[in-house]
Amino acid sequence: MGRYLLSRFLQSILILLGISFVTFVLLYVLPADPVRQIAGRSATAETVENIRRQLGLDQPFIVQYGRYLAGLAQGDLGRSYLQKSEVTELILSRLPASLQLMAAGIFAELVLGLGMGIAAAVLRGRMADQLLMMTSFVTVSAPQFVVSLLMLYIFAVRLGWFPIGGYGTAAHLVLPALTLGILGSGWYSRMMRSSMIDVLRADYIRTARAKGLGRSRVILRHALPNAILPVIAMIGIDIGIFMGGIVVVESVFGWPGIGQLAWQAIQRVDIPIIMGVTLISACAIVLGNLLADLIAPMIDPRIRLK
Amino acid sequence: MKRLLATTAVLIALAIPAMAQDYTPDPNAQAGGSITITYKDDVATLDPAIGYDWQNWSMIKSLFDGLMDYVPGTTTLRPGLAESYEIAEDGLTYTFHLRTGVKFHNGREMTADDVKYSLDRVTDPATQSPGAGFFGSIAGFEAAGSGGLSGVEVVDAATVKITLSRPDATFLHVMALNFASIVPKEAVDEAGADFGKKPVGTGAFKLAEWTLGQRLVFEKNADYWRAGVPYLDSVVFEVGQEPVVALLRLQNGEVDVPGDGIPPAKFQEVMADPAQAARVVQGGQLHTGYVTMNVNTPPFDKVEVRKAVNMAINKDRIVQIINGRAVPATQPLPPSMPGYTEGYAGYPFDVEGAKQLMADAGLADGVDTELYVMNTDPNPRIAQAIQQDLAAIGIRAEIKSLAQANVIEAGGAGTAPMIWSGGMAWIADFPDPSNFYGPILGCAGAGEGGWNWSKFCDEGLDKMAVDADSLSDPAKSADRLNLWSDTYMGVMEQAPWAPVFNEERYTMKSERMGGEDALYVDPVSIPVNYDYVWVKQ
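Keep in mind that what you see is a predicted model, and the values were worked out from it rather than measured. (Residues numbered from 1 in each chain as written. Chains lettered and ligands numbered in written order. Predicted model: local features only at pLDDT ≥ 70, side-chain atom pairs only at ≥ 80, totals over all residues. Heavy atoms only, no water.)

## Things to note about the overall build of chain A
Stated precisely, the cut-off is as follows: Put simply, DSSP marks the helices as runs of H or I at least four residues long and the strands as runs of E at least two long, and each gets a number from the N terminus on. The buried label applies to any residue whose accessible area, calculated with a 1.4 Å probe on protein chains only, is under 20% of its type's maximum; exposed applies above 50%, and partly exposed to all values in between. Throughout, a contact is declared for two residues whenever any of their heavy atoms are within 4.5 Å. Values of accessible area rely on a 1.4 Å probe in the Shrake-Rupley scheme; residue burial ignores everything except the protein chains shown. Note that His is not counted, nor are the chain ends; the positive residues are Lys and Arg, and the negative ones are Asp and Glu. Here the site of a charge means atom NZ of a Lys, CZ of an Arg, CG of an Asp or CD of a Glu.
Along chain A, the regular secondary structure elements total 13 helices and zero strands. Put simply, chain A runs from its N terminus to its C terminus through helices and strands in the order α-α-α-α-α-α-α-α-α-α-α-α-α. In terms of overall dimensions, chain A has C-alpha extents of about 85 × 55 × 30 Å along its principal axes. Out of the 306 residues belonging to chain A, those deemed buried represent 47%. If you take every contact in chain A between residues at least 6 apart in sequence, the share linking residues at least 24 apart comes to 74%. Roughly 15100 Å² of accessible area belongs to chain A as shown, and the carbon and sulfur atoms make up 69% of that amount. Treating the 26 positive side-chain charges of chain A as one cloud and the 16 negative ones as another, the clouds have centres 13 Å apart.

This is the structure we're talking about:
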């Protein structure tokens, strides 16, 4: 186990290095000149050159990347070009909001997705099954921006049940989390349904039924723990997709998380922030995958870590 | 005064008619209360030497003061931290007499040393101020650095003398720019690179709270040196709010002014509802939208073709595309800018005349070219309208719809034959005709990377511009504006641009907000002048 963790850790470091390199290259070859963004339109050529020199952006690519890595090794993500603050500070101040939304969003996703999946599997072939699968198809393909606005409009503006965006109380959290839940539930419900159907066909389920156990007891105690396994493994992978959804949902609901920070930085070519958020998100995804791999053998002893 | 008269040979003593020129307080204004403003983007910085976007511009204006200022809601200069000033006859020496007893938010009294420090700081390359270039006419600017500006001299605690290396009629406007705000050295030293997050000024408001990514709270400066203002106890800025959501919240009574304006998709809906339309204030903007034609690239090296383009574009139709949120433009300057040529109708919309000009240029069979445009709505739609208009006279323009930065890059490099300026158009830094010439129509901006995308450079017109800006004697300001008007007419003669429209500004406010309409379309403070608006209790 220790060796496994060590090798996974080294792998993760390599993956993150690769991501940092690719992102850095992409931002470097971007035709937009960050110095012009900082200097503004009235700046003289001297001012532009002066800023370029002071930020070290006149240096060759490899020197710039080397400097970035050297900073990174010391936990320094650099300074935002436009916000003139430490990127670490900007991200840390927004991380709690994002983590809170992620936890609530994943919870909503699981409750909705698993619930729908189980119901569809149990009612397989009936009208309700088709309806549920259709719903999952719609939610998976629905544009995030439109769903977010629709939720906001119906439940906050029209019905007035929740505040119109913002952050702070549990009431503020409900709508964005629910939106994320609805948007992501489709994957889980489809996974859960097929996994459940497989399990329900298994011999031990027939045995359990034959013993005279009740239907709900068989489903909840015998089928569910086995069917849920592949779905749990999916959470780790899902974090990547989730990070994408969070950018839009946070922007619409005015949720002060890192997705919103990334969105603003991308529009303004604030490269240090884009780099920082990309790396933090990559960390989250790598960690999510690692956790999924670690949890799997705990649930299913047949899986061994190598 | 006496000492000054002794040191400076001839002084034009400017009796500033303080009351006549100044602002008449609103008799109905009520003190107290708080308003909420929303923005989509985070506030970048509140350091006056750095802040240079339209969001932090008005915020910085309320936290800091410069030597000069504008009468609220107008483009008229008035003294700020300087109580009065004198300009020497040669136009090269400005002597500012500071108000006494003005205190920074940290309680210390502002003195002439602070003025010197602030101007030295903004021009020091280490500060990386995007506005450093505005101070280019101060003597010693080239050598600015750790040693400071040799042209800024502290005469005594309440007097500062600024010497210029060349006459600059815009200098008082420059002293009213945010970049020229007076900051206390000790606060800058203490905060270091974080001064933009911990601003200390002399302004009507002070920063009370800044929760990153969520909100900022400005609190009334009870010791403010201007009597009677601000009216509001506080202003709350909520950031990270989508404009559409901000509008919903305004309709729900939670927001007083959506800082990003009315979202274009919602504009007609709002204006069609009398109750909401009544709370929208409309005003001019120091903005012109135009098509640039690269005078070094065929077919636009021929003046006939450039004139033909001016005559082919149906401006009224383009104004309709943006729901009438603009007025058709006749010339580079917007109508609310001093120096605008009244009575000049511009090139007429005349397709037959344009075809004739094309034939005169030997291009009766038409010609192919490219039209660059920024890829966000409504700009591609406007470009299509222009494309159709040009096709009618035989100019087949292929539309290149790119991200903003790429269009700016192509414009600067001179590789774009035509550019529709939408989304990147010039909005004046200060209300003076000079600001619309140098960087975008003059030879100075025509170099590689400059904002003069036509690469138009006429030395005769450049000389007229220099002559105009040498007339720094306020008594000659009418002559100066006439000279500027002639310069722009000269530009129209050569037609490096086709001016298309001047955008109008629409500020929406909540029902409880008071103060005259001009404050809500203040040419200098966008969206509103926080110091002078008030709320009904």
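Past the structure itself, the notes keep going.
## Considering the packing of helix α5 (residues 87–122) of chain A against helix α6 (residues 127–141) of chain A
All names here are of chain A. Note the threshold: Angular values range over 0 to 180 degrees, each being the angle between N-to-C directions of two axes fitted as lines to C-alpha atoms, with helices fitted over their stretch in contact. Two helices crossing with the near one rotated counterclockwise from the far one by less than a right angle form a left-handed crossing, whereas a clockwise rotation gives a right-handed crossing. Three residue categories are used. Nonpolar comprises Ala, Val, Leu, Ile, Met, Phe, Trp, Tyr, Cys and Pro, charged comprises Asp, Glu, Lys and Arg, and polar comprises the others, including Gly.
Where α5 meets α6, the closest approach of the two axes is 8 Å, and the angle between their N-to-C directions is 145°. For α5 against α6, the interelement crossing comes out left-handed. Residues Met116, Ala119 and Ala120 of α5 form the contact with α6, whose own contacting residues are Asp129, Leu132, Met133, Thr135 and Ser136. Among the residues forming the contact of α5 with α6, the class breakdown is five nonpolar, two polar and one charged.

## Quick look at the sheet that holds strand β16 (residues 367–374) of chain B
Residues and elements named next belong to chain B. The cut-off we apply is this: Pairing between two strands requires that DSSP report at least two bridges joining them.
With mixed pairing, six strands are arranged side by side in an open sheet as β15-β19-β14-β18-β16-β17. Each of the sheet's edge strands pairs with one partner strand only, and the pair in question is β15 (326–328) and β17 (395–402). For this sheet, the mean angle separating the axes of adjacent strands, direction not counted, is 25°. Summarising the sheet, β16 and β17 pair through eight bridges and their orientation is parallel. Residue pairing in the sheet places Leu371 in a bridge with Ile399 of β17.

## A closer look at the state of the cysteines
Residues and elements named next belong to chain B. Condition: Note that a disulfide, as used here, is simply two cysteine sulfur atoms within 2.5 Å.
Applying the stated rule across the entire model yields one disulfide over all chains. Here Cys443 is linked by a disulfide to Cys457, with a sulfur-sulfur distance of 2.0 Å. A torsion of 95° about the S-S bond marks the disulfide between Cys443 and Cys457 as right-handed. In this pair, Cys443 is assigned in the loop between α15 (438–441) and α16 (459–470) and Cys457 in the loop between α15 and α16, connecting sequence segments 14 residues apart. Since its relative accessible area comes to 41%, Cys457 is described here as partly exposed.

## As for empty space enclosed by the protein
Residues and elements named next belong to chain B. Inclusion rule: Any residue with an atom within 4 Å of a point lines the site, the site being either a cavity, points on a 1 Å grid over the protein atoms alone where a 1.4 Å probe fits but cannot get out, or a pocket, an open set with protein on both sides within 12 Å along at least 5 of 7 lines. Grid points are joined across faces, edges and corners, and a volume is the space filled by probe spheres set on the points.
Tallying each qualifying case throughout the model produces four cavities of 30 Å³ or more. In this structure, the largest cavity spans a volume of roughly 270 Å³. In this structure, the largest cavity is lined by 24 residues; those nearest its centre are Lys61, Asp65, Asp69, Tyr70 and Asp531. Among the elements of the structure, α3 (54–63) and β3 (68–70) are those that each provide at least two residues to the lining of the largest cavity. In terms of residue count, the dominant contributor to the lining of the largest cavity is β3 (three residues).

## A look at the interface of chain A and chain B
To keep it simple, the criterion reads: Accessible area, probed at 1.4 Å, shrinks when two parts are joined; the buried area is that loss added up over both. By definition, a salt bridge exists where a carboxyl oxygen of Asp or Glu is found within 4 Å of a side-chain nitrogen of Lys or Arg. Polar contacts here mean pairs of N or O atoms no more than 3.5 Å apart (in protein, one a potential hydrogen donor and the other a potential acceptor; neighbouring residues in sequence count only if both atoms are side-chain atoms).
With 41 residues of chain A at the contact, the number on the chain B side is 41 residues. Taken together, both faces of the contact between chain A and chain B bury some 3400 Å²; the carbon and sulfur share is 50%. Inspection of the chain A/chain B interface yields two salt bridges. With its nearest N and O atoms 3.3 Å apart, the salt bridge here joins Asp194 of chain B to Arg79 of chain A. Between chain A and chain B we count 11 residue pairs in polar contact (both at pLDDT 80 or more) in total. Taken together, the elements giving at least two residues each to the side of chain A that touches chain B come down to α2 (34–39), α3 (45–54), α5, α7 (144–158), α11 (229–253) and α12 (258–267) of chain A. Ranked by residues supplied to the side of chain A that touches chain B, first place goes to α7 of chain A with five residues. Class assignment for the residues of the side of chain A that touches chain B results in 18 nonpolar, 15 polar and eight charged.

## Structural notes on the pattern of salt bridges
For the coordinates displayed, the defined rule picks out 28 salt bridges over all chains. For Asp69 of chain B, the salt bridge goes to Arg78 of chain B, with nearest N and O atoms at 3.2 Å. Judged by its relative accessible area of 19%, Asp69 of chain B is buried. Across the pair Glu238 of chain B and Arg249 of chain B runs a salt bridge, and its minimum N-O distance is 2.8 Å. Placement of Glu238 of chain B in strand β11 (residues 234–238) and of Arg249 of chain B in helix α7 (residues 243–251) is noted, with a sequence separation of 11 residues between them. For Glu238 of chain B, a relative accessible area of 18% gives the class buried. The network of salt bridges with shared partners includes Arg79 and Glu86 of chain A together with Asp194 of chain B.

## Let's talk about the pairing of strand β9 (residues 205–211) of chain B
Residue and element names in this part refer to chain B. Relative to strand β10 (residues 215–220), β9 runs antiparallel, the two being bridged by six bridges. The partner of Lys206 across the bridge, within β10, is Glu219. Linkage of β9 to β10, two consecutive antiparallel strands, is achieved through a turn of three residues, within which Gly213 is found at a positive phi near 75°.

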